[in-house]
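Read off the chains here:
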Amino acid sequence: MSQIDMLPANAPDPERDRAYEVDRTPRGLVRAALEAHLSARGASYSRTVCVAGHLVWHADDGPLRVLDVCAGSGVWASEMRAWCERHGIPVEITALELRPEEREHLERVADEVIIGDALDMLDDDHYFGAYRWHIVIGNPAFSLLAMGKPKAGEQERRSLLPVLLDLARAVVLLSTSQAFTRSEAAARWLHDHPPALELRIAQGVRFRATSGTDTGSYSVTSWVPYQRHTLPGEAWPCRVLVLPASDRSWRVPPGQEGAP
């Protein structure tokens, strides 16, 4: 029996996934990464949430406001909600996703679902005000993180990460480990905006059901822009996350487990 024959009936369309740069993050990886970047302290009215040790939310703020960007089927949103439930943190999650077929899955785990292009919508000053969210999480299409001159025939656009940093107190994203060193513009930006924590994923990650383990290197990295925890040009904290193969792969699309 082939690998494709073993896929569930609701298996993703590989061609559509490639066209939309869909790389579904395995649930075990998401859960471990959020546990590594997030921490909760105190109790009831004195409760706080930190990202990489830096305060981003206090109980006086009301619910913790979270944006899952390029949300896919909602695995990041669902693991974020589960983390908040474990720590007694009230949360309101907005899920932003380009593909409308994911709405039914996202509505199970997010308080607000927005279908649209992440950069087009978030880069609109009239649509979202500054510091709308406490934390942004997710695994965005890697092309949205690109910095520098666009390829021939492509329209110039802002990179997604600087846009997110204008809209949130902290950002926690998965990307290739070299995402911000592939161009001079990206390297200069990283020099000026060092992360709060980089979590490097040991070994490969299997993002798609019809392909093997990806040979690339990946990191889940957080930035806390309003706290100058690391000065421009200085080294930033970096750790390695070692996970079993079962946490770095999936059989049912993450976020669609248990769907009707």
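To start, this report covers the structure provided alongside it. All figures in this text were calculated on a predicted structure; none of them were measured in a lab.

Moving on: the sheet that holds strand S5 (residues 91-97). Sheet architecture is open: eight strands sit in the order S6-S5-S4-S7-S8-S10-S9-S11, paired in mixed fashion. Each end of this open sheet is capped by a strand with a single partner; those strands are strand S6 (112-115) and strand S11 (238-241). Within the sheet, the average angular offset between the axes of one strand and its neighbour, ignoring direction, is 15 degrees. Direction of pairing for strand S9 (residues 197-201) relative to S11: parallel, over a ladder of four bridges. From the neighbouring strand, Glu-198 faces S11, where its bridge partner is Cys-238.

Burial runs high along strand S8 (residues 168-176): eight of the nine residues are buried. As judged from the five bridges shared by strand S7 (residues 133-138) and S8, these two strands associate in the parallel manner. The residue of S8 that forms the bridge with Ile-135 is Ala-170. Looking at chain direction, S8 and strand S10 (residues 218-223) are connected through six bridges and run antiparallel. Each bridged residue has a counterpart across the sheet, and for Leu-174 the counterpart in S10 is Val-220.

Let's shift gears to unusual backbone geometry. In terms of backbone geometry, most residues other than glycine have negative phi values and most peptide bonds are trans. Of note, Ala-52 is a non-glycine position whose phi angle comes to about 50 degrees, a positive value. If you trace the backbone, Ala-52 turns up in the loop between strand S2 (48-51) and strand S3 (54-58).

Attention now moves to the environment of Trp-250. Residue placement: Trp-250 occurs in the segment after S11. Residue Trp-250 is classed as buried on the basis of its relative accessible area, which comes to 7%. C-alpha separation for the pair Trp-250 and Val-205, spaced 45 residues apart in sequence, amounts to 9.6 Å. A polar side-chain atom of Trp-250 sits 3.0 Å from the main-chain carbonyl oxygen of Phe-207.

Once that is clear, we can look at the pattern of salt bridges. Any two side chains of opposite charge can pair, so long as their charged atoms come close to each other. A full pass over the atoms with the stated rule returns 15 salt bridges. Two residues, Glu-102 and Arg-24, come together in a salt bridge whose shortest N-O distance is 3.6 Å. Within this pair, whereas Glu-102 is found in the loop between S5 and helix H4 (103-106), its partner Arg-24 is found in the loop between helix H1 (14-19) and helix H2 (27-37), the two being separated by 78 residues in sequence. According to the relative accessible area criterion, Arg-24 is buried, its value standing at 9%. Put simply, Arg-24, Glu-97, Arg-99, Glu-101 and Glu-102 are held in one network by salt bridges that share partners.

Criteria and thresholds
Residues numbered from 1 in each chain as written. Predicted model: local features only at pLDDT ≥ 70, side-chain atom pairs only at ≥ 80, totals over all residues. Heavy atoms only, no water. Pairing = 2+ DSSP bridges. Helix = DSSP H or I, 4+ residues; strand = E, 2+ residues; numbered from the N terminus. Axes fitted to C-alpha atoms, helices over the stretch in contact; angles between N-to-C directions. Buried < 20%, exposed > 50% of the residue type's maximum accessible area, 1.4 Å probe, protein only. Polar contact = N/O pair within 3.5 Å; in protein donor to acceptor, adjacent residues only side chain to side chain. Salt bridge = Lys/Arg side-chain N within 4 Å of Asp/Glu carboxyl O.

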